[in-house]
Amino acid sequence: MTIAELISKVFLPLSLAIIMLGMGMTLITADFTRILKYPKAIFLGLTNQLIFLPLIGFMLAIVFDLNPVMAVGLMILATCPGGPTSNLITLICKGNIALSVTLTAFSSMISILTIPFILHFAIAYFGTDTNVFIKLPLADTMVQIMGITVIPISIGMLVRKYKPSFAKQMEKPMRMASALLFIAVFIAVIAANFTIIGRGMKEVGFVTLLLNLLTMSVGFLTAKLFKLNLKNAISITVESGIQNGTLAFVIATSILNNVEMGIPIGAYAIWMFITGGILMWFWGKRKDITT
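Starting afresh in each chain, residues are numbered from 1 along the sequence in its written order. In view of the model being predicted, local features appear only for residues whose pLDDT reaches at least 70, and side-chain atom pairs are presented and counted only at 80 or more, with totals across whole chains, interfaces and linings using the full set of residues. The basis for the side-chain values is all heavy atoms of the structure; hydrogens and waters are excluded.

**Quick word on unusual backbone geometry**
In plain terms, the rule: Helical segments are the DSSP runs of H or I of at least four residues, strand segments are the runs of E of at least two, and each set is numbered from the N terminus.
Of note, the phi angle at Asp65 is positive, near 50°, even though the residue is not glycine. Topologically, Asp65 is positioned in the loop between helix H3 (40-63) and helix H4 (68-79). For Lys94, which is not glycine, the phi dihedral falls at a positive 65°. Looking at the element boundaries, Lys94 is found in the loop between helix H5 (84-92) and helix H6 (97-126).

Take a look at the structure:
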C-alpha cells in the first residue's frame with residue numbers, strides 16, 4: 001500500500017470517525033426530531049446540493065470551454081454528495097450539526113440514483129466515451145457513510161445520554177482536537193496528491209475555485225432568503241461547498257478508469273479545505289451564534 005493509499009484509506013477515515021465520535025457527544029435525539037418537524041432546512045439544503053451544484057458545475061464547464069475530460073471531471077465532483085468533512089467544518093463553525101449530518105446522509109443516499117443519470121448526460125454532452133456504463137458501488141458507499149459518520153455519531157450520542165458530565169467536559173477538548181485533525185488531514189491530502197493537485201491548479205484551478213465559492217454563496221443566500229437562522233444557514237453553506245472527494249476519486253479512477261478526470265477533484269479539494277478553514281476561523285471565533 002502506497003503512502004497516498006494509506007492516507008486516503010486508513011488515516012483519513014479513522015480521523016473523521018474520531019471527529020464524528022466527538023461530534024456525537026454534543027448531540028441528543030431531540031436535535032434530529034426537531035429538524036424533521038420543520039423540514040424546510042432539509043429541503044433547501046438538498047436542493048442546493050443535488051440541483052444547484054450540478055447546474056453551476058455544468059455552466060462553468062461551458063463558459064470556460066473546458067476540454068471533455070476536465071468537464072466530465074468537474075461534473076463528477078458536482079454530482080457527489082457532501083462528505084464527513086462537512087460535518088467537521090460545521091461543528092467548528094458552530095452550525096447546526098444535526099442538520100449537517102442529516103443532509104450528508106440524505107444526499108449520499110439520493111445521489112446514488114442521481115449520479116449515474118447526470119454523468120451519462122455529461123459524458124454524452126461533452127463528447128467523451130458514451131459507451132461507459134456507470135454503476136456506483138452501492139454497498140461500499142453505504143458502508144463508508146455508516147462507518148465514518150452514523151456509527152461514531154451514534155456511539156457519541158449514547159455517551160452523551162448515559163455520561164452527560166463526561167460529554168460536557170470533552171466538548172471543548174474535542175473541538176480543539178477536531179481543528180488540529182482538520183489541519184493534519186489537509187497537509188496529508190496535499191502531500192499524498194501533490195502531483196495531481198499541482199496539475200489541477202494549472203488547468204482548472206480558477207474554475208474549481210469559482211465552483212466552490214458560487215455553491216457556498218448560493219447556499220448561504222438561499223438560506224437567508226428563506227429566513228433560516230444563522231446556525232442552519234452555516235450548515236447549508238458548508239454542505240453546499242464541501243464535497244465527498246473520496247467518492248469522486250473512486251468514480252473517476254475506478255469506475256470510469258480515467259485518472260485525468262480526477263484532476264479537477266484534486267484542485268477542488270485544496271480550495272474546499274482553504275475556504276472551509278476560513279469559515280471555521282470566521283464563524284468559529286464568534287460568540288453570538290446561538291440560534
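There's plenty left to go through after this.
**Focus on a nonpolar patch on the surface**
Note the following rule: The patches described consist of residues with a relative accessible area above 30% and no salt bridge, like charges being joined within 9 Å and nonpolar side chains (Val, Leu, Ile, Met, Phe, Trp, Tyr) within 5 Å. All accessibility values rest on the Shrake-Rupley procedure with a 1.4 Å probe; residue burial counts only the protein chains present in the view. Whenever a carboxyl oxygen of Asp or Glu lies within 4 Å of a side-chain nitrogen of Lys or Arg, that contact is scored as a salt bridge.
Residues Leu21, Val150, Ile151 and Ile155 make up a contiguous nonpolar surface patch of about 290 Å² in total accessible area. Its location among the elements puts Leu21 in helix H1 (residues 3-24).

**Structural notes on the confidence of the model for the protein chain**
For the record, the criterion: pLDDT gives the predictor's per-residue confidence on a scale running from 0 to 100.
Residues of the protein chain with pLDDT of at least 70 account for 79%, and the chain-wide mean is 80. When the elements of the protein chain are averaged for pLDDT, H1 gives the smallest value, 68, and H3 the largest, 94.

**Side note on the packing of H4 against helix H12 (residues 263-284)**
Cut-off, in case you're wondering: Each axis is a line fitted through C-alpha atoms, and for a helix only the stretch in contact is used; angles between axes span 0 to 180 degrees, taken between their N-to-C directions. The scheme is simple: roughly parallel for angles under 35 degrees, roughly antiparallel for over 145, roughly perpendicular for 65 to 115, oblique for anything else. Put simply, a crossing is left-handed when the front helix is turned counterclockwise from the back one by less than a right angle, and right-handed when it is turned clockwise. Only heavy atoms matter for contacts: two residues are in contact if any of them lie within 4.5 Å across the pair. Just so you know the grouping, Ala, Val, Leu, Ile, Met, Phe, Trp, Tyr, Cys and Pro go in nonpolar, Asp, Glu, Lys and Arg go in charged, and all remaining residues, Gly too, go in polar.
Contact pair H4 / H12: the axes reach a minimum separation of 7 Å and the direction vectors enclose 50°. Comparing the axis directions of H4 and H12 gives the class oblique. Between H4 and H12 the crossing geometry is right-handed. Contacts from Met70, Gly73, Leu74, Ile76 and Leu77 in H4 reach Ile263, Pro264, Ile265 and Tyr268 in H12. Classifying every residue of the contact of H4 with H12 by side-chain character gives 8 nonpolar, 1 polar and no charged.

**Describing the side chain of Thr222**
Here is the rule: Here a polar contact means two N or O atoms within 3.5 Å. Within protein one must be a hydrogen donor candidate and the other an acceptor candidate, and residues neighboring in sequence count only if both atoms are side-chain atoms.
Along the chain, Thr222 turns up in helix H9 (residues 194-225). Side-chain polar atoms of Thr222 contact the side chain of Asn48, separated by 3.2 Å. Side-chain polar atoms of Thr222 contact the backbone oxygen of Val218, separated by 2.7 Å.

**Observations regarding the nonpolar core**
This is how the line gets drawn: The nonpolar core is taken to be a set of buried Ala, Val, Leu, Ile, Met, Phe, Trp, Tyr and Cys residues, with the residues joined through side-chain atoms within 4.5 Å. Note on classification: 1.4 Å probe, protein chains only; a residue is buried when its accessible area is under 20% of the maximum for its type, exposed when over 50%, partly exposed between these limits.
Counting 60 residues, the largest nonpolar core has Leu66, Ile76, Phe126, Leu211 and Ile251 as its most contacted members. Not counting the four nearest positions on each side in its chain, Ile76 is found in contact with Leu119, Ala248, Ile251, Ala252, Leu256, Met261 and Ile265.

**A word on H12**
Just so we agree on the cut-off: By this rule the span expected of a helix is its residue count minus one, scaled by 1.5 Å.
For H12, spanning 22 residues, the distance from its first C-alpha to its last is 31 Å, which sits close to the expected 32 Å at 1.5 Å a residue. With 16 of 22 residues buried, H12 lies mostly within the body of the structure.

**Here's the deal with H5**
The element H5 is extensively covered by neighbouring structure, given that 9 of its 9 residues are classed as buried. Taken together, the buried positions of H5 are Pro84, Thr85, Ser86, Asn87, Leu88, Ile89, Thr90, Leu91 and Ile92. Downstream of H5 by one or two residues, Lys94 has phi in the positive range, about 65°.

**Some words on the packing of aromatic side chains**
Put simply, the rule is: Here a pair means two rings of Phe, Tyr or Trp (six-membered ring of Trp) with centres within 6.5 Å. Their orientation is stacked below 30 degrees between planes, edge-to-face above 60, and tilted elsewhere.
Under the definition given, this model contains 8 aromatic pairs. Ring centres of Phe58 and Phe121 lie 5.6 Å apart, and the angle between their planes is 50°; this geometry places the pair in the tilted category. In this pair, Phe58 sits in helix H3 while Phe121 sits in helix H6, placing the two residues 63 residues apart along the sequence. Residue classification places Phe58 among the buried positions, given a relative accessible area of 17%. Residue classification places Phe121 among the partly exposed positions, given a relative accessible area of 44%. Considering the side-chain rings of Tyr125 and Phe126, the 5.1 Å spacing of their centres and the 85° angle between planes classify their relative orientation as edge-to-face. On the basis of relative accessible area, Tyr125 is assigned to the partly exposed category, the value being 47%.

**Notes on the packing of H3 against H6**
As a packed pair, H3 and H6 sit with axes 10 Å apart at the nearest point and diverge in direction by 30°. By the angle between their axes, H3 is roughly parallel relative to H6. Relative to H6, the crossing made by H3 is right-handed. Counted together, Ala41, Ile42, Gly45, Leu46, Gln49, Leu50, Pro54, Phe58, Ala61 and Ile62 of H3 and Leu99, Thr102, Leu103, Phe106, Ser107, Ile110, Ser111, Thr114, Ile118, Phe121, Tyr125 and Phe126 of H6 form the full contact between these two elements. The class makeup of the residues in the contact of H3 with H6 is 16 nonpolar, 6 polar and no charged.

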